[in-house]
Amino acid sequence: MKRIAVLTSGGDSPGMNAGIRAVVRTALFHKLEVYGVRRGYQGLIDDDLAPIASKTVSRIINRGGTILRTARCMDFYEPEGRAKAAETLKKHAIDGLVVIGGDGSYHGAHFLEKEHGIPCVGMPGTIDNDIGGTDYTIGYNTALNTAMTAIDQLHDTAESHERIFFVEVMGRLSGYIAMMSTIAGGADHVLTPESKSDVDGLIKELQRSRDEGNYNQIVVISEGDDAGNAYEISEYVKKNSDLKGIRVTVLGHIQRGGIPSAFDRILASRLGVHAVEALLEGKSNVMIGVKADQVVTPPLSETWDNPTSFDSSYFHIVDALLRR
Ligand code: ADP
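Bear in mind that the values here come from a model prediction, so they are computed numbers and not experimental data. (Residues numbered from 1 in each chain as written. Predicted model: local features only at pLDDT ≥ 70, side-chain atom pairs only at ≥ 80, totals over all residues. Heavy atoms only, no water.)

Considerations on helix α1 (residues 16–29)
For the record, the criterion: The numbering of helices and of strands both runs from the N terminus, where a helix is a DSSP run of H or I of at least 4 residues and a strand a run of E of at least 2. Multiplying 1.5 Å by the helix residue count minus one yields the expected span of that helix. Here the term buried applies to any residue with accessible area under 20% of the maximum for its type, exposed to any over 50%, and partly exposed to those in between, with areas from a 1.4 Å probe on protein chains only.
An ideal rise of 1.5 Å per residue puts 20 Å on 14 residues; α1 measures up with 20 Å between its terminal C-alpha atoms. Counting buried residues in α1 gives ten out of 14 residues, a clear majority hidden from the surface. Residues of α1 that are buried include every one of M16, N17, A18, G19, I20, A22, V23, V24, T26 and A27, and no others. Of the residues one or two after α1, K31 is the one with positive phi, at around 65°.

Things to note about the site of the ligand
The condition is simple: Whether a residue is near a molecule or strand is decided by its heavy atoms; if any one of them lies within 4 Å of it, the residue is near. We call two N or O atoms a polar contact when they sit within 3.5 Å, provided that within protein one can donate a hydrogen and the other can accept it, with sequence-adjacent residues counted only if both atoms are side-chain atoms. Only the protein chains shown count as cover for residues, and the accessible areas themselves come from Shrake-Rupley with a 1.4 Å probe.
Neighbouring the ligand are 16 residues, the closest being R72, C73, G102, G104 and S105. At a separation of 2.7 Å, an oxygen atom of the ligand approaches a polar side-chain atom of R72. S105 places a side-chain nitrogen or oxygen 2.5 Å from an oxygen atom of the ligand. Within the complex, 83% of the 550 Å² of free accessible area of the ligand lies under protein. Among the elements that make up the shell around the ligand, the one with the highest residue count is helix α4 (residues 103–116) (six residues).

As for the sheet that holds strand β3 (residues 49–51)
Filter applied, for reference: Paired strands, as defined in this entry, are two strands with at least two bridges between them according to DSSP.
With mixed pairing, the six strands of this open sheet are ordered in space as β3-β2-β1-β4-β5-β10. Of all strands in the sheet, those bounded by a partner on one side alone are β3 and β10 (286–287). Direction of pairing for strand β2 (residues 33–37) relative to β3: antiparallel, over a ladder of three bridges. Looking at the pairing, G36 lines up with A50 of β3.

Description of the domain arrangement of the chain
Threshold: Start and end points for every domain follow an automatic or database-based domain assignment. Here, a salt bridge means any Lys or Arg side-chain nitrogen found within 4 Å of an Asp or Glu carboxyl oxygen. The classification used treats Ala, Val, Leu, Ile, Met, Phe, Trp, Tyr, Cys and Pro as nonpolar, Asp, Glu, Lys and Arg as charged, and all other residues, Gly among them, as polar.
Domain boundaries in the chain define domain 1 (3–139 + 260–305) and domain 2 (143–256). On a C-alpha basis, the centres of domain 1 and domain 2 stand 35 Å from each other. Remark: the boundary between domain 1 and domain 2 carries one salt bridge. Between D12 and R256 there is a salt bridge whose closest N-O contact spans 2.8 Å. Of the residues assigned to the side of domain 1 that touches domain 2, the class counts are two nonpolar, four polar and three charged.

Regarding the sheet that holds strand β9 (residues 246–250)
Sheet strands associate in pairs through backbone hydrogen bonding, adopting either a parallel or an antiparallel arrangement. To keep things clear, this is the line we draw: All axes here are fitted lines through C-alpha atoms, helices being fitted over the stretch that makes contact, and every angle between N-to-C directions spans 0 to 180 degrees. Whether two residues are in contact is decided by their heavy atoms: any pair within 4.5 Å suffices.
Strand order in the open sheet made by the four strands is β7-β8-β6-β9, with parallel pairing throughout. Among the strands making up the open sheet, the edge pair consists of β7 (189–191) and β9. Averaged over all pairs of adjacent strands, the angle between strand axes in this sheet comes to 20°, irrespective of strand direction. Relative to the sheet, helix α6 (residues 176–185) contacts β6 (164–169), β7 and β8 (217–222), its axis offset from that of β7 by approximately 175°. Packed on one face of the sheet, helix α7 (residues 199–211) meets β6, β7 and β8 and runs near 160° to β8.

Notes on a nonpolar patch on the surface
Applied cut-off: Distance thresholds for patches are 9 Å for like charges and 5 Å for nonpolar side chains (Val, Leu, Ile, Met, Phe, Trp, Tyr), applied to residues having over 30% relative accessible area and no salt bridge.
Taken together, the side chains of Y314, I317 and L321 define a hydrophobic patch exposed on the protein surface, amounting to about 270 Å² of accessible area. Structurally, I317 is set in helix α11 (residues 314–320). Classification of I317 by relative accessible area gives partly exposed; the value is 35%.

Digging into the packing of helix α3 (residues 79–91) against α4
Rule in force here: Roughly parallel means an angle under 35 degrees; roughly antiparallel means over 145; roughly perpendicular covers 65 to 115; every other angle is labelled oblique.
At a minimum axis distance of 10 Å, the contact between α3 and α4 shows a crossing angle of 70°. Taken together, the axis directions place α3 and α4 in an arrangement best described as roughly perpendicular. Contact with α3, carried on its side by P79, R82, A83, A85, A86, L89 and K90, involves G108, F111, L112, E115 and H116 of α4 and no other residues of that element. When grouped by side-chain class, the residues that make up the contact of α3 with α4 number seven nonpolar, two polar and three charged.

Looking at the packing of aromatic side chains
Threshold: Under the pairing criterion, centres of Phe, Tyr and Trp rings, with the six-membered ring standing for Trp, must be within 6.5 Å; the plane angle then separates stacked pairs below 30 degrees from edge-to-face pairs above 60, leaving the rest tilted.
Applying the stated criterion across every chain yields a total of six aromatic pairs. Seen from their ring centres, Y140 and Y176 are 5.5 Å apart, and the 70° between their planes marks the pair as edge-to-face. Here Y140, found in helix α5 (residues 140–161), pairs with Y176, found in helix α6; they are 36 residues apart in sequence, far enough to count as distant. Residue classification places Y176 among the buried positions, given a relative accessible area of 13%. Cluster of aromatic residues (ring-pair linked, three or more members): Y140, Y176, F310, Y314 and F315.

Structure below.
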């Protein structure tokens, strides 16, 4: 192996730059040449890649987003698109590819390896923390801290104006950010995709708490909740209760940006070093993850076959911590 490439694909997450830096520095440490591919798989199809020098990745460890840009690429779903991408890699004599992204990106990498024999290694980059085979994904910790800080700030207004805030956080299929920001931010209730939401039960709880003198309450809702989005749920609550002062805040994309936390920088650095070394050891079609603080290399298929979700006993933690 003489030359490898790295790309970021799918949704961006804070810490991807730390991952790129780790891949580049580790490749150079092992005397490999390293190329950066712009805009994910689209860049492979468009032949949009260039060598990256060590100094290019200086001082990016503290920046959110991805210096390589990222994209969603429809052509890569088709064998013809992947054949073009493989041609680009062969043209530049690239012997291995590191893909930083989510399980969608790993499906792409899996096909690229199967159809064209190009060794591919994945690094988990998503704020949702829902990739099988790893306890943590790059960006989740930062996004969780962003959501927690927002909840802290909303508490001030909720308390001063005696309001009930419905706060929508990211996570279409995963309630990690919702559940953990509820606990860390000291919010009162949480609705996540992991369990069927009972909005009538929520109304009873909000009323019970209000009747006990708690006029300020915070309900965290995961964007993928089965009962609807925060606006829909708040409208239902308004129509079906006498609760007053209801407000909605949707955190949206601010959760995807920002300065990566120390945790995410260290995670991305660690996974980046192991990703390059896995390619050098001849591994392919695997992701580099962490389980119980040990680096692991599950097959890419495990990342979509067994998506992680938090332990449902966390609902009990939220219940036990409620104001009574
Ligand atoms: P993520 O990697 O964050 O899960 P996406 O699901 O949007 O994000 O996937 C990112 C890109 O990976 C897609 O735009 C596409 O180019 C590629 N991809 C996703 N799923 C597949 C698939 N089943 N087959 C081939 N390529 C795929």
